[in-house]
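Single-letter residue listing:
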Amino acid sequence: MSGGHPWLRFAARRLLLLAASLALLIVLTFLAMRLVPGDPVRAALGPSASAEVVEARRAALGLDDPALVQLRDYAGRVVRGDFGESLTQRRAVGDILGERLPATARLCLLAFLVVALVALPLGVAIAVFTRGGTRPPLAGAFTLGTGVVMSIPEYLCAAGLVALFGVTLGWLPIAGAEQASSYVLPVLALAAVPTAILARLTRVETLRVLDQEYIRVARSKRLPARALYLRHLLPNALTATLTVGGLLFGAMIASTVIVENVFAWPGIGTTVVEAIIAKDYPLVQAVVLVLGAIVLVVNLLIDVVLGLLDPRSLIRES
Amino acid sequence: MRERLDLTPGRIALLAVLAALLALVVAGPPLWSGAADEIDTAAMRAGASAAHPFGTDQLGRDLLARVLVATRLSLLLALATAALGFALGVAVGLLPALLGPRLRSVVATTINLFVAIPGLLLALLVATIVGIGAKGAVIALGVALAPQAARLTQTLAASVGGAEYVAASRVVGVRWPRLLGRHILPNIAAPLVLQFAMATSQALLALSALSFLGLGVQSPDYDWGALLSVGLDRMYVTPMAALGPGLAIVLAGVAINAGGDVLAAAIATDAPQRARRRRRAAGLAPSATLAAPVAEALADEAAPAAAASAAAAPAAAAPAADAAPGDVPAAPAVDPAPAPPAPAGPPAALRVERLSVSLPAAEGAVTPVREVSLTVGHGERVGIVGESGSGKSLTALAAAALLEPPFAVETAAHEIAGEPLFARAGTGRRRLLGRSLAVVFQDPLSALNPALRLRRQLTEAAIEHRDLDAGEATEAAIERLRELRLTRPEQRLGQHPHELSGGMRQRAVIAMGMTVRPGLIVADEPTTALDVAVEREVLAALRRANDEDGTAILLISHDIGVIASFCERVLVMYGGRIVEELPAADLRERAVHPYTRALLAAVPDMETDRDRPLPTIPGRPPTAAELPASCAFAARCAFASERCRAQQPPLVALDGAPGRRVACWHPAPDAAAPAPAAAAGDEREEERR
Ligand code: SF4
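Every value quoted in this text rests on a predicted model; they were computed, and no experiment measured them.

So, the overall build of chain A: which residues are in play, and what are the values?
Scanning chain A for helices and strands turns up 13 helices and zero strands. Residue burial in chain A is summarised as follows: out of 318 residues, 51% are buried. For chain A, the proportion of contacts with a sequence separation of at least 24, taken over those separated by at least 6, is 72%. Within the structure as shown, chain A displays about 14,000 Å² of accessible surface, and the carbon and sulfur contribution to it stands at 69%.

Explain the site of the ligand residue by residue, including any values.
Looking at the ligand, there are 13 residues lining it, with Cys631, Cys637, Cys644, Cys664 and Trp665 of chain B nearest. Looking at side-chain class alone, the shell around the ligand contains 11 nonpolar, two polar and no charged residues.

Describe the pairing of strand E11 (residues 577–583) of chain B, with residues and values.
Here is the key point about a regular strand: its side chains alternate between the two faces of the sheet. Residue and element names in this part refer to chain B. Most of E11 sits inside the fold, with six of its seven residues counted as buried. Pairing analysis gives six bridges linking strand E10 (residues 569–574) to E11, with the strands arranged antiparallel. What sits directly across from leucine 571, in E11, is glutamate 581. Relative to strand E13 (residues 661–662), E11 runs antiparallel, the two sharing two bridges. Note that in E13 the partner of glutamate 581 across the bridge is arginine 661.

Break down the pattern of salt bridges for me, citing the residues and quoting the values.
Residue and element names in this part refer to chain B. Applying the stated criterion across every chain yields a total of 30 salt bridges over all chains. The shortest N-O distance in the salt bridge between glutamate 581 and arginine 569 comes to 2.4 Å. Placement of glutamate 581 in strand E11 and of arginine 569 in strand E10 is noted, with a sequence separation of 12 residues between them. Here the two residues glutamate 581 and arginine 569 agree in accessibility, since each one is buried.

Which residues make up the UniProt feature "transmembrane region" (unreviewed entry) in chain B, and what values go with them?
Per the UniProt record, the feature "transmembrane region" (unreviewed entry) sits at residues 73–99 and 111–132 of chain B. The annotated region residues 111–132 of chain B carries 82% helix and 0% strand content, and the separation between its end C-alpha atoms amounts to 27 Å.

An account of the nonpolar core is requested, with residue identities and associated values reported.
Phe83, Leu97, Tyr155, Phe263 and Val272 of chain A together with Leu75 and Trp224 of chain B are the most contacted members of the largest nonpolar core, which has 128 residues in total. Here this core takes 16 residues from helix H12 (residues 281–309) of chain A, the largest share from any one element. Counting 100 residues, the second-largest nonpolar core is a separate cluster that includes Ala349, Leu402, Leu571 and Leu600 of chain B.

How would you explain the interface of chain B and chain A if you had to name every residue and give the values?
Opposite the 69 residues of chain B that make contact, chain A presents 69 residues. Around 6,100 Å² of area is buried between chain B and chain A when both sides are counted, 75% of it from carbon and sulfur atoms. Looking only at chain B, the three residues that lose the most surface to chain A are Leu125, Thr128 and Ile129 of chain B, adding up to 10% of its buried area. Glutamate 460 of chain B is paired through a salt bridge with lysine 221 of chain A; the nearest N and O atoms lie 2.8 Å apart. Where chain B packs against chain A, one counts 14 residue pairs in polar contact (both at pLDDT 80 or more). With seven residues, helix H4 (residues 119–130) of chain B is the single largest residue contributor to the side of chain B that touches chain A. Its residues assigned to classes, the side of chain B that touches chain A comprises 49 nonpolar, 13 polar and seven charged.

Give a detailed account of the UniProt feature "transmembrane region" (unreviewed entry) in chain A, specifying residues and quantitative values.
Residues and elements named next belong to chain A. When the UniProt feature table is mapped to this numbering, "transmembrane region" (unreviewed entry) covers residues 109–129, 141–174, 180–199, 237–263 and 283–309. End-to-end, the C-alpha atoms of residues 109–129 are 30 Å apart, and along that stretch the chain is 100% helix and 0% strand. The distance from the first to the last C-alpha atom of residues 180–199 is 27 Å, and the span holds 80% helix and 0% strand.

Could you give an account of the packing of aromatic side chains, with specific residues and numbers?
Residues and elements named next belong to chain B. This structure, assessed with the given rule, holds six aromatic pairs over all chains. Ring geometry for phenylalanine 86 versus phenylalanine 196: centroids 5.3 Å apart, planes at 90°, classification edge-to-face. Of this pair, phenylalanine 86 sits in helix H2 (residues 63–98) while phenylalanine 196 sits in helix H7 (residues 176–213), and the two are 110 residues apart along the sequence. According to the relative accessible area criterion, phenylalanine 196 is partly exposed, its value standing at 24%. Centre to centre, the rings of tyrosine 595 and phenylalanine 633 are 5.1 Å apart; their planes meet at 70°, and the pair counts as edge-to-face. You can see tyrosine 595 sitting in helix H22 (residues 594–601) and its partner phenylalanine 633 sitting in the loop between H22 and helix H23 (642–646), a full 38 residues away along the chain. The exposure class assigned to phenylalanine 633 is buried, which follows from its relative accessible area of 3%.

Provide a residue-level description of unusual backbone geometry, including the pertinent values.
Residue and element names in this part refer to chain B. The backbone of glutamate 371 sits at a positive phi, close to 50°, despite the residue not being glycine. Following the sequence through the fold, glutamate 371 ends up in strand E2 (residues 365–376). Notably, arginine 517 is not glycine yet its phi reads approximately 50°, a positive angle. Within the fold, arginine 517 resides in the loop between helix H18 (502–513) and strand E8 (520–524). You can call arginine 517 partly exposed: its relative accessible area is 31%.

How would you summarise the environment of glycine 133 of chain B if you had to cite specific residues and measurements?
Within the element layout of this structure, glycine 133 of chain B appears in the loop between H4 and helix H5 (134–161). With 63 residues separating them in the primary sequence, glycine 133 of chain B and alanine 70 of chain B have C-alpha atoms 16 Å apart.

Which residues make up a nonpolar patch on the surface, and what values do they have?
A cluster of nonpolar residues, Leu110, Leu113, Leu117, Val118 and Leu122 of chain A, forms a patch on the protein surface that exposes about 430 Å² of accessible area. Mapped onto the elements, leucine 117 of chain A comes out in helix H5 (residues 93–129).

Reading the values: the criteria
- Residues numbered from 1 in each chain as written.
- Chains lettered and ligands numbered in written order.
- Predicted model: local features only at pLDDT ≥ 70, side-chain atom pairs only at ≥ 80, totals over all residues.
- Heavy atoms only, no water.
- Helix = DSSP H or I, 4+ residues; strand = E, 2+ residues; numbered from the N terminus.
- Buried < 20%, exposed > 50% of the residue type's maximum accessible area, 1.4 Å probe, protein only.
- Contact = heavy atoms within 4.5 Å.
- Areas by Shrake-Rupley, 256 points an atom, 1.4 Å probe, with all protein chains shown as cover.
- Near = heavy atom within 4 Å.
- Nonpolar A, V, L, I, M, F, W, Y, C, P; charged D, E, K, R; others polar.
- Pairing = 2+ DSSP bridges.
- Salt bridge = Lys/Arg side-chain N within 4 Å of Asp/Glu carboxyl O.
- UniProt positions renumbered as here; feature names shortened; annotations may be inferred.
- Core = buried A, V, L, I, M, F, W, Y, C linked by side-chain atoms within 4.5 Å.
- Buried area = accessible area lost by both parts, 1.4 Å probe.
- Polar contact = N/O pair within 3.5 Å; in protein donor to acceptor, adjacent residues only side chain to side chain.
- Phe/Tyr/Trp six-rings, centres within 6.5 Å; stacked < 30°, edge-to-face > 60°.
- Patch = residues over 30% accessible without salt bridge, like charges linked within 9 Å, V, L, I, M, F, W, Y side chains within 5 Å.

Here it is in structure tokens:
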């Protein structure tokens, strides 16, 4: 099939870019640890350790090697999944991540699911109902509503949700992740802003596509509404929506750090804030690396899937 | 100025909020820091009261005073963060515009790599190095902001750097500081200011978030985020303790954005003039104003939210773009002769009575199609001819029930295959239309859905309305494509439109309209932009459908030659009305309307040199907004009289000629009369000599 080649070339180029971004991330985290004030070994061993012990430890860790050698060793360890030892918890950082990541991942995925399931149908429906400047009150209400939601940062949203549902009404748990209902508030807090942004974008994109000649052509075939919107409209409206959706997902992974702290969620976000306050450098370094890598990979996947869905995006790229 | 700056009441209110905030930055701490720091052990953790509207904190300090005092620190830190981010970002982002091509791409790639890493993660990393606290938070978030700012600057500078006068400046040896200061920076200032404002409000939110988490401003200092985390614990006792700082954060964020909008608008309205002055001073030829491209780049680069709100402006304006606002005369009360009754036998494929299409415009509504009545008999080939803007395509789309809001369609009667269209609703109407009527569209490049393979697009209608299965529908599509001489049709069906050449797409679009074998095909300019060979094939395919399946054809074209040779009956449209209807056989010799005759006179005959540009009718047709209450052709008509300029000629049956109608006060009596466009024709003759 001749369509395969441009897509493969595109995917290869994106993979290369991903590799470069990951390398940059590794270099940045490496530099950050070298720039940290004070002696990490001294910090790790405590003030009571003798100078010889510190020296020996330095040598053992390779901290006396030239910077490039250290970078190479560091990159090698990271690639093998060895992130060193937490200074505060005295155990492998990898184990801590393994414990904390699943809760964060569940939170993010659920929130993203909510975003997609609410924003896409909402945006398309509002576009269809307000097309050609009809029903201005509906359009106005939509713009105002999403605008208000968008201007409330997620920690305020989280705080408001806690106050309303957790405290005043007492319907839902406000901390921890013990029960299914524990997910409701954090997921809502995470999903609200991206939903508003994506719904707006979906509406704009849908309006743009609705004005295309090929939609009129599809109408002229008198297909059922389902076929018209799902088959003819959605794939064309999705390109920009998914691209931004990917970026929003990345931003959402960052937002979990904040939201988790409001809800005392046993995820990686609470871990990293504790680690920063406790100056647990290896742990911070590892969280930044892992979350960064996840965001980069997700964005790559979305781009590549888009390339399959909408072959024109490849042409535009190249 | 007010309009240019887009000062809506909401925006004015936000600007007032912004002014109040700035006043608080200056006056807040001196006025209220006493109250804010006053420890009152008698009123620790008090609820809201007249003395303490937001309540008090754990030491009995008044929270309202603390919110007011915190304005200074919150806003100054946000400003510092945005300033740091932009200083770094703009410096790096301008590099590509000044460097050679190779270094430029290195810098651009590096910027892109940094942009890909989420800002909050960068901030966390930097915060670990610098340490927690206000300074750490500002540096961390500033660094995290820099890649975005760099990319924005780079995009903007590239759009300006590509402009001709910048290139010219380089050629004449303008040095780079001058290039930067005089040409690039002034032209990207407006979007940069806007983005700076957005970055400041983002920074405010992010700083508050860090303080809220305990990573930002540390006690004894406090900003809104720190107050929020204090207030959150006491949400259920004193909601205002948390709502107060929360509201302050949101309101300040929105107000800063509004301020940025207004400032950017002020700069943008001013920039073209200044830029022009500068260009003149530099002795360079002026180029197109830069405000537009920069605004576009901005729209591309701005957050989706900004793009969304921009696009949320009334979409109605767009389709009405070519209908210039103007005084719209009401449609005169003319009772046109009804379309001639269809001959007995099977019901007419299409019958519309008094069809009008209107469109809301800035002042009132415009009505580009007025009181058109037409019938297409069973198996008949009918043509509508007219210049662009005559309303013929709108008439065809309205007849096919394909016009959408903002177009409004009115008819006295609308029947498809003998069935009143509006007697049915929903699925019933959809099925009636799907089985009885197909449309072939004019622009093959935009008529195909770019995301779907041809197979889907060429079979779905037949599957839906002819109850074929996928295999049979594919066979039918291949057959249609073969008739149109598309090479390797089986293979083409597996391809996406962008993989096909323009000619292939044209054939595919035409085949697509013919796969249902309906009772009527409406073909809207199907041969425009085709070469003569393809045009012949398309007409032959339509003709075959007409001969073999008895499909009636309504052919829309500006080419009276095509209409005359293909159709049995011809409707001539001008200014949104039918001005003449006659059998195609009568067209060349017996047309009586001056416009029809002018159209005919403009057709090249065998002797005409084909390489010459075609002669055209002098003048241009009126736009929908200009349609007069009199004869729309009067301005271009050689026979126009006072009556023509005062009254609308009704469409009436022509005496003694069955099946013929004409709308003219002075129809030419017969073929011997001088051709109305003769004068124009003579002029052209002279030009040729
Ligand atoms: S009505 Fe008058 S102006 Fe109009 S076409 Fe006839 S002669 Fe010409």
